[in-house]
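If you want the building blocks of each chain, they are given just below.
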Amino acid sequence: MKIEYDAGTALSVMRGNSARGWMSGKPDRMAKTRLTTGSFLEVEHKPKFQIDPSWPIFTMGSCFAREVENVLMMRGLPLLLKGHGVPAEHFETWDEATGRGGGAARGTLSRGALNKYSVRSMTHELKRVLLNETYPDEGLIELAPGQWFDPHASGLRLLDKETALANRAKLTAATARIKEARICFFTLGLTETWLDAETGIAMNMHPGPAWLARMPERFRFIDYGYEATLEDMLSSIALIREHCHPEMRFVVTVSPVPLGATFKDTDVIVANSASKSLLRTVTEELFRRFDFVDYFPSYEIVLNSPRALAFQEDQLHVARDMVGTVMETFQRSYLDATPQSNAA
């Protein structure tokens, strides 16, 4: 959807925008100045709406969404996924020596399994809970006798069927809490996706290169383009507003966490740029089409901050201080001036 003004309006909009210039305008608001401070980037964000602090919040998306949740919970906001997850010892990262896995300690629940990376996998999960779609064995795949893989979760190791089904029930129940939400925060992660050819379901994660090699006909790789990704988001938003709160509002963003590895024949840095650019274009289209969808620029804040500050040593995961800075901008934008009239 295009944006179009007459010249007078365009000039008025430009003059009213203190952050309009790369090398013009007030010195402290020029992009050139803000990009060269050596500290976290400050971005001026003008939200479409305010968030009432009493609104139940549902979050969905990549691992960056989990970091967002941590900050929201610390600030006392009603996060619907609080207390949900699966046992930490069921993660591939489980370490017997430290008693930790999935970002949590033994005997506790980790939300890491809720990570959703591709838009198509998010769409399948929403259909599962809002349209009651069912799949053989709840969509689980028996990779070896008694060893079950949940392709719709994130980071879980192979488990016996009973345990895998119990975890799947926990994750489905967590996602179903979207029905109680008043606002959704969606973080789009990547476009590269794997399909289970037997069920046609978009997997959140593939089972690993060794299993892909053993079962080449079972799994298929697809890098979804703009039209398919936009259609998935449009259908998901419509589905949510039909089956959840009819006036649901959405804050969408693009995860700054890069693609860990690509299955395309190109440099991973180039593949990541293509994926993130496509997702950013989809979020821009949603922002332009709907007054109840806002775009929050966490992607731009992180990617334009000094990399040594923005990312952990692996250059993959976002540093905690960077997440805190992003969420300070979020709070100033959506919460600090909340009018009571926005209450549902």
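Residue numbering note: each chain is counted from 1, following its sequence as written. pLDDT decides what is reported in this predicted model: residues at 70 or higher carry local features, side-chain atom pairs at 80 or more are listed and counted, and totals for whole chains, interfaces and linings draw on all residues regardless. The basis for every side-chain value is the complete set of non-hydrogen atoms in the structure, without hydrogens or water.

**Student:** With reference to specific residues and values, describe helix α11 (residues 320–334).
**Tutor:** What counts as a helix is a DSSP run of H or I of at least four residues, what counts as a strand is a run of E of at least two, and both are numbered from the N terminus. One fewer than the residue count of a helix, multiplied by 1.5 Å, yields its expected span. Taking 1.5 Å of rise per residue, the 15 residues of α11 would be expected to cover 21 Å, and the 21 Å separating its terminal C-alpha atoms lies within 8% of that figure. Any pair of residues with heavy atoms lying within 4.5 Å of one another is described as a contacting pair. Taken together, the buried residues of α11 touch α3 (63–74), β8 (183–188), β12 (249–254), β13 (293–295), α9 (298–303) and α10 (307–310).

**Student:** Go over the side chain of E192 with me, naming the residues and quoting the values.
**Tutor:** Position of E192 relative to the elements: it lies in strand β9 (residues 192–196). Burial classes follow relative accessibility: with a 1.4 Å probe on protein chains only, a residue under 20% of its type's maximum area counts as buried, one over 50% as exposed, and anything between as partly exposed. Just so you know, the count uses Lys and Arg for positive and Asp and Glu for negative, and it drops His and the chain ends. We count a salt bridge whenever a side-chain nitrogen from Lys or Arg sits within 4 Å of a carboxyl oxygen from Asp or Glu. Buried charge without a salt bridge: E192, with K264 as the nearest opposite-charge side chain at an N-O distance of 4.5 Å. For E192, the side chain forms a polar contact with the side chain of T262, separated by 2.5 Å. Excluding residues that lie within four positions of it along the chain, E192 makes contacts with S118, F221, I222, D223, L259, A261, T262, F263, K264 and A271. Counted as a polar contact is a pair of N or O atoms within 3.5 Å, where, for protein atoms, one must be capable of donating a hydrogen and the other of accepting one, and residues adjacent in sequence contribute only when both atoms are in side chains.

**Student:** Give me the lowdown on the pattern of salt bridges, citing residues and values where you can.
**Tutor:** Summed over all chains, the structure comprises 21 salt bridges. Linking R182 and E247 is a salt bridge whose minimum nitrogen-to-oxygen distance equals 3.9 Å. Of the two residues, R182 sits in the loop between α5 (161–175) and β8 while E247 sits in the loop between α7 (226–243) and β12, which places them 65 residues apart along the sequence. The class for R182 is buried, based on a relative accessible area of 5%. Salt bridges here are not isolated pairs; linked through shared partners, they connect K116, E125, R128, E138, D150 and R168.

**Student:** Can you break down the layout of surface pockets residue by residue, with the values?
**Tutor:** Taken as a whole, the largest pocket encloses approximately 1400 Å³ of empty space. Here a cavity denotes a set of grid points, spaced 1 Å apart and computed over the protein atoms alone, in which a 1.4 Å probe fits but from which it cannot get out, and a pocket denotes an open set meeting protein on both sides within 12 Å along at least five of seven lines; residues with an atom within 4 Å of a point are reported as lining. If you go around the largest pocket, you meet 49 residues; those closest to its centre are C63, N115, Y117, S154 and H317. Elements that contribute at least two residues to the lining of the largest pocket include exactly α3, β5 (109–110) and β9. Grid points are joined across faces, edges and corners, and a volume is the space filled by probe spheres set on the points. The volume enclosed by the second largest pocket comes to roughly 940 Å³. Every residue lining the second largest pocket is counted, 27 residues in all, and those nearest its centre are N17, E44, H45, K46 and F287. In terms of residue count, helix α8 (residues 268–289) provides more of the lining of the second largest pocket than any other element does, 4 residues in total.

**Student:** Can you tell me about the packing of α7 against α8, naming the residues and giving the values?
**Tutor:** Axis separation between α7 and α8 bottoms out at 10 Å; the angle between their running directions is 45 degrees. With respect to each other, α7 and α8 are oriented oblique. Of the two elements, α7 crosses α8, and the hand of that crossing is right-handed. Residue-level inspection shows Y226, T229, L230, M233, L234 and I237 of α7 in contact with α8, the latter providing L278, L279, T281, V282, E285, L286 and R289. Taken together, the residues of the contact of α7 with α8 sort by class into 9 nonpolar, 2 polar and 2 charged. Axis lines are fitted through C-alpha atoms, for helices just across the contact stretch, and the angle between N-to-C directions can take any value from 0 to 180 degrees. The labels follow the angle: roughly parallel below 35 degrees, roughly antiparallel above 145, roughly perpendicular from 65 to 115, and oblique for the rest. Should the near helix be turned anticlockwise from the far one by less than a right angle, the crossing is termed left-handed; should it be turned clockwise, right-handed. All amino acids are sorted into three groups, where Ala, Val, Leu, Ile, Met, Phe, Trp, Tyr, Cys and Pro are nonpolar, Asp, Glu, Lys and Arg are charged, and the leftover types, Gly among them, are polar.

**Student:** Just give me the short version of α3, but keep the residues and values in it.
**Tutor:** Look at α3: 17 Å from first C-alpha to last across 12 residues, which is about the 16 Å you get at 1.5 Å a residue. The buried fraction of α3 amounts to 9 of the 12 residues, a majority that puts the element mostly inside the structure. Within the span of α3, buried status applies to C63, F64, A65, R66, E67, V68, E69, V71 and L72. Where α3 is buried, its residues touch β1 (57–61), β8, α9 and α11. Of the residues trailing α3, G76 is marked for its positive phi of about 80 degrees.

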